[in-house]
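Chain and residue survey
Next come the chains, spelled out residue by residue.
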Amino acid sequence: MHMETEVLVIGGGLAGLVAGTRAAEAGHRVLLVQKGHGATAYSSGAFDVIGYLPDALEPVANPVEGLSVLAQVYPLHPYSIAGFPVDVESGGESAVVLALVSETVEWLKDRLDKTPAALSGGLDSNLVAMTVLGTTKPTCLLQKSMVSIPEMEGEEDGVLLFAGVRGYADFAPGAAAKVFLRDRMMNKKYPQKIAHCQVRVSPSGTDYNISGVEIARHLDHPGSIDSLAKELAVYIDQFGATDVALPPVLGIQNAISNKEALEERLGVRVFELLGLPPSVPGLRLQNSLEQMYLESGGALLRGHEVVSYTMEGDRLISVQTKGPSREIQISAQAFVLATGKFIGGGLSGDKDGVREIVFDLMSVTGEFVSAEEASPSRSTSKLAVSPLGQPVLSNGVSVDSFLRPVKRNGLEWTTNLFSAGSIIAGYNYATEKSGLGVAATTGYTAALRVTEYLKEVAQNE
Amino acid sequence: MTEDCYDVVVVGGGSTGTAVARDCAMRGLRTLLLERDDIASATVGTCAGMISSGLKYMDEPEIVDMCSQEVVHFNHIARHIIMKNPILTPMLEMSDLSTGGNFAEEYSKRAATRDVPPVLFLTPEDSRAIEPSLHPDIIASMYFEEFFIDPFRLCLLQALDTRVHGGEVRTYCEVLRIAKDPDSKCYSVDFYDRTTGEMGTVLTRTVVNAAGPWAPRVAKSAGATVEIRPNKGAHVIFDRRIVNVGVVTKAVDGRMIYLFPHENTTLLGTTALDSWEDPDTLVATQDEIEYLIKSIEFVVPRIREARIIRTMEGVRPLIPTWKIPEGEVSRGYEVIDHESEGKPGIYSFTGGKLVMARHMAEAVTDLVCKRLGVDEPCRTHEKPLPGNEEDVDIEELAREYGVSLHALERMRARRGTEVREILEMTREHPEWKTTICTCEPVIEAEIRYSIREEFPQTLNDLRRRVRLGTGTCQGTFCTYKAAAILAEELGLESDDYLVDILDFRAERWKGIRPVIRGEQLAQEELAQGMYACVGNLDQSDIEYEMKPWEEGM
């Protein structure tokens with residue numbers, strides 16, 4: 001079978017869906033090939049832009065400052081690269097990068113605004129989000145069913161109630177409460193009155209092995225929030241709670257309206273914590289992005305992966321995809337590679353090195369040294385969890401200023417392949433807290449570069 | 001310091017130390033076991049669990065006899081934690097065949113004692129019918145059977161049985177000095193309690209040094225001398241039972257190595273290298289990993305397609321024999337009586353194997369009893385360990401409690417009859433039927449039971465007791481869940497809860513890191529995403545103590 005499109009996006013996580021949507025909005029015919037769910041669907045509900053500079057021990061004051069420093073000090077960071085094809089006078093890098101990220105974030109907020117993954121926040125300040133562990137992290141935007149901790153800090157008499165669900169092991173309210181209380185005491189911030197409880201939500205009638213997705217689907221049904229409200233009311237009364245922290249299970253579709261309904265019924269602030277995978281907020285985001293992309297007019301080929309490709313001169317002209325029941329050859333004029341890292345399946349590693357799996361592009365480490373002939377264990381830290389992170393997670397492809405993957409000589413591998421998201425080397429999203437921000441910005445930028453490229457081709461013809 | 005004197009202080013909570021403590025307690029001695037870490041936290045915790053009939057030491061027939069007899073004893077006292085593995089030794093060349101003959105004869109002589117068939121020689125077709133992953137060009141294979149015990153549970157059950165018989169077991173207590181007490185005929189043993197940060201002293205009439213690789217250090221703290229030939233061994237661990245049966249073959253250098261299905265995983269081992277590194281800092285090296293994979297690849301050609309989850313590395317305290325290869329060092333054991341050094345009543349071990357642990361204990365306890373004038377016979381081979389009282393019908397229990405048969409079978413393999421007590425807890429708390437570690441799997445009730453009955457202090461201790469986090473995801477998903485349960489049961493503060501999470505990640509990473517590749521890269525991206533990116537624990541200000549293997553660059 002053969003298909004033809006103008007732009008082919010390989011990879012259906014946030015980077016690919018943003019690139020595809022933006023390209024479709026620019027008037028291109030877009031087809032996106034998606035193998036399955038990648039890291040986006042595992043994400044927590046926080047939309048990070050930049051929380052910490054590489055190797056830093058203190059968070060950035062705000063994303064604006066973080067991006068400014070990155071643009072000046074780390075010219076090979078994907079944010080910097082994305083902003084640099086414009087002729088920039090020395091000293092003007094920060095403004096360019098800031099403008100680009102800002103444009104991306106505003107655009108994405110707008111596109112997601114009516115979806116279950118609607119976001120609040122902005123680049124001017126980082127929010128402080130609380131996790132199911134009771135820890136906090138800086139992040140730029142949050143899904144609207146969540147809340148930034150400083151919003152609670154005003155009232156000294158506030159009582160925060162952590163409410164878990166019996167038989168749902170992904171959130172232990174007692175442990176989280178203790179961790180958060182310690183954080184409040186150390187930072188001399190409120191609330192310092194903290195309680196915890198476990199309520200009963202039993203979608204299938206049992207009290208054990210309950211998953212977050214199961215609870216969320218249950219709470220999506222009209223009326224099912226009532227019994228949760230009743231359960232919570234007892235404890236809110238008992239502790240005099242003013243705020244209630246719940247695990248991120250308030251619905252896949254209706255989390256925001258459920259939050260509002262609970263707040264109205266109970267007269268307290270209700271919010272979701274950031275969750276760990278399997279993640280309901282991640283699912284909300286993935287679904288909403290796919291919806292956004294389809295509404296922009298893009299076509300989606302699910303369950304397919306690219307297995308081979310054809311070149312003509314210095315241009316990529318088609319790829320062969322393989323799905324459950326057939327293979328399809330897809331021709332396109334421009335391509336976007338957004339296959340992710342190891343979770344997404346863009347990179348794979350064996351004892352001899354790390355390779356890019358679709359085109360066998362040159363893979364590099366975060367230091368931009370070839371990663372093709374070095375055992376992945378050599379790019380790791382002895383420390384399991386530390387600000388050093390695991391350097392192997394900075395591996396990826398090296399790109400030129402148009403986000404085109406490059407060869408050993410530094411020149412683009414082909415003129416019409418652009419890249420986006422965590423397949424790009426040179427940053428560690430886990431330690432920087434920059435994952436979705438880089439994915440969105442490079443996805444958005446890749447689409448802009450595609451448009452420029454196609455315009456150029458049209459002019460030349 | 002005028003408190004009563006112990007009859008015996010056992011130093012070391014491995015297979016030998018716990019066996020000695022159990023034997024001493026069963027013979028009515030006032031017994032204290034001191035372990036500087038946790039039960040089974042060093043050498044025995046890195047072994048394959050084979051209670052071997054003596055494949056490797058056919059040149060020492062008296063040792064083979066002893067091992068055979070010990071297997072019979074283990075099957076009597078601990079059959080609930082024992083599994084039998086059929087093993088194939090495939091042969092690719094005629095020279096492989098010639099070495100098998102002697103072994104087959106010696107093995108078969110003692111087969112009936114252990115209730116296994118004599119060695120069989122199989123055609124290539126029959127071999128590959130049993131184990132399809134074998135190389136198509138094999139010319140024959142040798143079939144025999146060996147028993148495997150859960151080494152963690154064995155040590156723990158011996159420790160728990162010590163308590164049942166009135167003995168005391170203290171983990172996280174490191175012995176610093178053993179000296180003649182001026183006021184009595186006893187020794188005073190000074191130790192540092194790592195949990196409380198306090199020093200302690202006890203008096204004892206005798207001391208048994210069963211500290212394995214640390215035996216020289218413990219002896220030195222008593223002013224005595226022990227020499228061992230420290231020899232390290234690595235294992236590579238696969239995510240599932242990638243072979244139906246064990247495979248034993250010659251490595252690149254002609255040594256024998258093996259691939260054993262083990263619990264839910266498969267173990268590839270082992271190397272044997274003289275090593276003078278601090279055992280606490282050792283991790284598997286690239287040389288060891290590739291040596292093992294390259295060697296097994298001769299007979300299991302598709303081994304590189306299998307998912308490797310981690311490595312482990314341990315140190316054997318061999319009898320100090322020099323100027324011969326490791327393989328020629330006796331696999332027997334020696335009891336050193338330090339009386340000749342003016343330290344009567346202090347005994348140390350060198351050498352030995354897991355299968356000999358009970359025998360070693362009997363030998364030293366005989367000496368201790370003689371010295372103390374106690375005339376009690378050894379009964380460690382007669383009296384079953386806890387959980388081995390009778391059979392458990394898990395199918396019926398699965399129906400009754402609504403817990404998956406798989407989870408129950410795994411629990412039964414650890415606990416025997418205790419399964420019933422654990423499930424009983426879920427009557428009041430049905431939510432404790434929730435699976436916490438999905439790889440193994442382990443349900444919450446067993447974790448709570450273990451915390452209440454089996455004195456774990458950390459998640460690592462829980463891992464040794466219930467196999468938490470030992471599967472494919474290496475604790476990615478269960479670490480934070482189990483940490484919360486541990487914190488609640490032990491009443492831990494928030495710092496300890498987070499430190500526990502970090503400590504467990506550190507210990508898992510120690511084994512994952514040397515061999516990270518394939519799917520484990522995605523697994524680690526996920527783990528970093530959870531604990532660093534979302535949890536922000538990479539930026540946590542809690543006091544994390546560096547581990548010995550993390551120091552230096």
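What you are looking at is a predicted structure, and each value in this text was computed from that prediction instead of being measured. (Residues numbered from 1 in each chain as written. Chains lettered and ligands numbered in written order. Predicted model: local features only at pLDDT ≥ 70, side-chain atom pairs only at ≥ 80, totals over all residues. Heavy atoms only, no water.)

**Some remarks on the interface of chain A and chain B**
Between chain A and chain B, the residue contacts involve 55 residues of the former and 55 residues of the latter. A combined buried area of about 4800 Å² lies between chain A and chain B, and 62% of that area is made up of carbon and sulfur atoms. Three residues stand out in chain A for area buried against chain B, namely Tyr 208, Lys 382 and Val 385 of chain A, and they jointly supply 16% of the buried area on that side. Taken together, the connections running from chain A to chain B amount to four salt bridges. Arg 182 of chain A is the partner of Asp 495 of chain B in a salt bridge, and the nearest nitrogen-oxygen pair spans 2.4 Å. Here chain A is connected to chain B by 26 residue pairs in polar contact (both at pLDDT 80 or more). (Contact = heavy atoms within 4.5 Å. Buried area = accessible area lost by both parts, 1.4 Å probe. Salt bridge = Lys/Arg side-chain N within 4 Å of Asp/Glu carboxyl O. Polar contact = N/O pair within 3.5 Å; in protein donor to acceptor, adjacent residues only side chain to side chain.)

**Overview of the confidence of the model for chain B**
Chain-level statistics for chain B give a pLDDT mean of 95 and a share of 98% at 70 or above. Across the predicted assembly, pTM comes out at 0.97 and ipTM at 0.98. (pLDDT = per-residue confidence, 0-100.)

**Some remarks on helix H2 (residues 63-73) of chain A**
Pro 63, Gly 66, Leu 67, Ser 68, Leu 70 and Ala 71 of chain A are the residues of H2 of chain A that are buried. Where H2 of chain A begins, one side-chain oxygen reaches toward the backbone nitrogen of Val 64 of chain A, 3.1 Å away; that side chain belongs to Asn 62 of chain A. (Buried < 20%, exposed > 50% of the residue type's maximum accessible area, 1.4 Å probe, protein only. Helix = DSSP H or I, 4+ residues; strand = E, 2+ residues; numbered from the N terminus.)

**Observations concerning the side chain of Glu 146 of chain B**
Structurally, Glu 146 of chain B is set in strand S6 (residues 140-149). Here Glu 146 of chain B sits buried without a salt bridge, and the closest side chain of opposite charge, Arg 114 of chain B, lies 4.8 Å off (N-O distance). (Lys, Arg positive; Asp, Glu negative; His and termini not counted.)

**Points about the sheet that holds strand S9 (residues 159-165) of chain A**
Residues and elements named next belong to chain A. Taken in spatial order, the four strands make up an open sheet running S10-S9-S11-S12, and their pairing is parallel. On the outer flanks of this sheet lie strand S10 (193-199) and strand S12 (269-272), each paired with one strand and no other. Looking at each pair of strands side by side, their axes are set apart by 25 degrees on average, direction ignored. Summarising the sheet, strand S11 (residues 243-246) and S12 pair through four bridges and their orientation is parallel. Directly across from Val 244, in S12, lies its bridge partner Val 270. (Pairing = 2+ DSSP bridges. Axes fitted to C-alpha atoms, helices over the stretch in contact; angles between N-to-C directions.)

**Overview of the sheet that holds strand S4 (residues 46-47) of chain A**
Residues and elements named next belong to chain A. In spatial order, the strands read S4-S8-S5; together these three strands make up an open sheet with antiparallel pairing. If you trace the sheet from one side to the other, it starts and ends with S4 and strand S5 (119-121), each paired once. Note that S5 and strand S8 (residues 141-143) share three bridges and pair antiparallel. Its bridge partner being in S8, Leu 119 is matched across the sheet by Gln 143. Across the sheet, helix H4 (residues 93-112) lies against S4, S5 and S8, angled at about 140 degrees from S5, the strand it touches most.

**Examining the pattern of salt bridges**
This structure, assessed with the given rule, holds 75 salt bridges over all chains. In this structure, Asp 541 of chain B and Arg 182 of chain A form a salt bridge, with 3.3 Å as the shortest nitrogen-oxygen distance. A residue pair is termed interchain when its members come from two chains, as with Asp 541 of chain B in the segment after helix H17 (519-534) and Arg 182 of chain A in helix H5 (residues 173-186). With its nearest N and O atoms 2.9 Å apart, the salt bridge here joins Asp 23 of chain B to Arg 27 of chain B. Assigned by exposure class, Asp 23 of chain B and Arg 27 of chain B land together as buried. What emerges from the salt-bridge pattern is a single network uniting Arg 153, Glu 263, Arg 410, Arg 414, Arg 415, Glu 418, Glu 440, Glu 446, Glu 454 and Arg 467 of chain B.

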